[in-house]
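Results of the structural survey
The residues making up each chain are set out below.
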Amino acid sequence: SGRRLHVLSWNVAGWPTCNKTIRKFHPSIEAWLEKHQVDIFCLQEVKIAEKKLKETPAEFCANLENFDTFWACCDHSEKRGFNGVATFARKGLTCKADSTPLNNAALDCEGRCIYTDHGKFVIFNVYVPNDAGGARLPLKVRFLRALRARMCAAREAGKHVILVGDLNISRRKEDLPVRSRCITLSRLFSDQRVPDATAVDETLLARLRLDMTRHWAAAFGLASRGRVEQQTVTNNKVRFRVRVTLNGETVTLGEPFETRRAAEHLYDMNEYGETDEETGERLVVEPGGRLCVATIHEVMNKLANVYWSDAQLRALGDAYGEPYSAPACLHWLNALVLQEDRMHDCFSELHPAARNRFTCWAQYKNRRYENRGARIDYTLVDDALFAHVVEGAPLSVGPSAGPGGTGEPQDKVILIESSDKEEEEE
């Protein structure tokens, strides 16, 4: 068979730290890349200012002997040294590269996309903007649309497309822990399962729905009238908590919030959105009428004295659970990129039975140890390439002890097997 090409993608959440950690255990970055037989290494969130990169390239492994390195650093005046993506490719594999491929200064200046041309195929290595609670959703949608337009243009030029990186989208309920999945209450009460509902224990689900019918209205009514109180925590930081009075005792709900507004909206089930000031388009941030499994369970447990087992919570999340990403982002990824453009989500297709496989965790809350995260990082390939994708090494189970970053590299591995001599040489 032809030579295999190993493409590795990793959100390192700070390349300087990750780079140093790798070099504690390996002679060099190149030795580590050789150990894993990596041909193309795509990094996201490198967090390096372009000035520093130019002054001390060796510090960041930008001048390797056997790899060309291509960088897109954040040039935004207020965010220099943040974001950033980089692609390392074995010498001879890359025809050209572009650090501003979206042809839009507002979208390219944050260092969120780098394009590399490898002959018959191209790679878009991206770090898509976060919604920031909805405030940056218009920017995110504009970025996604520009990215797709650029990928379509590459196909029109005769190239196959690979898209890797942090999309900041969880596209399926399986990409979230059960407790983080959203439940539309009207679906639950009418027993309208989500289209991809998983088979569940109907007895457990029936008992849960009966509990909701009996107690939800009163319990939620009390929760929604809760008062927001300010408290001082470690290092004199101010946090806000939601509290209610039940039978003469104070009950605290939810986690500490950094802003009063966030606490006030803990039980807000109204639809809300943001308007793109450039286009006038209104984008839905939260469709409304839904809460996450954890919030529903807490209200029922603390205010109605109803406790559900882990098995019941799984049944709830499998039958009615939905991802919480904004509708426009889900449509972009699921309907346009995967269906219309016929790209393949390598992880979900190679590991269809995988559960609780995440790539991002709230590190400062130690959520990685608990494995309460989300899968927001992807390797997507065009239909013509997917026939040559080979499953990588077996995935480890449970929290990882691997070095730094928001994802383990072995979860991002694809191997593309060349189908002819010409591809082998590229």
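Read on for an overview of the structure. (Residues numbered from 1 in each chain as written. Predicted model: local features only at pLDDT ≥ 70, side-chain atom pairs only at ≥ 80, totals over all residues. Heavy atoms only, no water.)

Right, let's talk about the overall build of the protein for a bit. Scanning the protein from N- to C-terminus turns up 15 helices and 22 strands. In terms of overall size, the protein behaves like a compact globule, its C-alpha atoms giving a radius of gyration of 23 Å where 426 residues would be expected to give roughly 22 Å. Seen through its C-alpha atoms, the protein measures out along the principal axes to roughly 75 × 50 × 50 Å. Here the protein holds 426 residues, and 52% of them are scored as buried. A separation of at least 24 residues holds for 71% of the contacts in the protein among residues at least 6 apart in sequence. Element-wise, carbon and sulfur atoms account for 47% of the exposed surface of the protein, whose accessible area totals about 19,900 Å². Of note, the protein has its 57 positive side-chain charges centred 5 Å away from the centre of its 60 negative side-chain charges. (Helix = DSSP H or I, 4+ residues; strand = E, 2+ residues; numbered from the N terminus. Rg over C-alpha atoms; globule rule 2.2 N^0.38 Å. Buried < 20%, exposed > 50% of the residue type's maximum accessible area, 1.4 Å probe, protein only. Contact = heavy atoms within 4.5 Å. Areas by Shrake-Rupley, 256 points an atom, 1.4 Å probe, with all protein chains shown as cover. Lys, Arg positive; Asp, Glu negative; His and termini not counted. Charge placed at Lys NZ, Arg CZ, Asp CG, Glu CD.)

A word on the nonpolar core. Counting 37 residues, the largest nonpolar core has Met212, Trp216, Leu303 and Trp308 as its most contacted members. Sorting the residues of this core by element identifies α6 (185-190), α7 (202-224), β11 (238-246), β12 (249-257), α9 (293-304) and α10 (310-320) as the ones contributing at least two each. Of all hydrophobic cores here, the second largest spans 34 residues; its members include Leu330, Leu333, Val337 and Met343. (Core = buried A, V, L, I, M, F, W, Y, C linked by side-chain atoms within 4.5 Å.)

Before going further, it helps to examine the packing of aromatic side chains. Going through the model one piece at a time under the given rule, you end up with nine aromatic pairs. Geometrically, the ring pair formed by tryptophan 15 and phenylalanine 41 is edge-to-face, given 6.1 Å between the ring centres and 70 degrees between the ring planes. Highlighted residues: tryptophan 15 in helix α1 (residues 15-25) and phenylalanine 41 in strand β2 (residues 40-44), separated in sequence by 26 residues. Arranged with centres 5.9 Å apart and planes meeting at 90 degrees, the rings of phenylalanine 41 and phenylalanine 88 form a pair that is edge-to-face. Taken together, the positions of phenylalanine 41 in strand β2 and phenylalanine 88 in strand β4 (residues 85-90) put the pair 47 residues apart, joining distant regions of the chain. By the burial criterion, phenylalanine 41 is buried, and phenylalanine 88 matches it. (Phe/Tyr/Trp six-rings, centres within 6.5 Å; stacked < 30°, edge-to-face > 60°.)

On to unusual backbone geometry. Phi is positive for asparagine 103, which is not a glycine, with a value near 55 degrees. Relative to the helices and strands, asparagine 103 is located in the loop between β5 (96-98) and α4 (105-108). Look at arginine 342: it is not a glycine, yet its phi comes out positive at around 60 degrees.

To continue, consider the environment of arginine 112. Summarising the element assignment, arginine 112 is placed in the loop between α4 and β6 (113-117). Since its relative accessible area comes to 7%, arginine 112 is described here as buried. Residues arginine 112 and glycine 165, spaced 53 residues apart in sequence, show a C-alpha to C-alpha distance of 9.8 Å. Here the side chain of arginine 112 touches glutamate 110 through a polar contact of 2.7 Å, side chain to side chain. (Polar contact = N/O pair within 3.5 Å; in protein donor to acceptor, adjacent residues only side chain to side chain.)

Here we take up the pairing of strand β8 (residues 160-166). The buried count for β8 comes to six of seven residues, which makes it a mostly enclosed element. Two strands pair when backbone bridges link them, and strand β7 (residues 121-127) and β8 are joined in this way by seven bridges, in the parallel orientation. Within β8, the position partnered with phenylalanine 121 by the bridge is histidine 160. Following the backbone out of β7, through helix α5 (residues 137-156) and into the adjacent parallel β8, one traces a crossover that is right-handed. Of the strand pairs in this sheet, β8 and strand β20 (residues 377-382) are connected by five bridges, and their pairing is antiparallel. (Pairing = 2+ DSSP bridges. Right-handed = clockwise from strand over helix to strand, strands pointing away.)

Moving on, we come to the pattern of salt bridges. Using the criterion set out here, one finds 34 salt bridges in the structure. Ionic pairing is found between aspartate 196 and lysine 173, a salt bridge with its closest N-O pair at 3.4 Å. Taken together, the positions of aspartate 196 in the loop between α6 and α7 and lysine 173 in the loop between β8 and β9 (182-184) put the pair 23 residues apart, joining distant regions of the chain. Lysine 173 gets classed as buried once you look at its relative accessible area, which sits at 1%. Arginine 243 serves as the salt-bridge partner of glutamate 229, at 3.0 Å between the closest nitrogen and oxygen. Pair noted here: glutamate 229 is in strand β10 (residues 227-232) and arginine 243 is in strand β11, with a separation of 14 residues, a long-range link. A residue is classified by how much of its surface remains accessible, and glutamate 229, at 26% relative accessible area, is partly exposed. In this structure arginine 243 comes out as buried when scored by relative accessible area, which is 15%. (Salt bridge = Lys/Arg side-chain N within 4 Å of Asp/Glu carboxyl O.)

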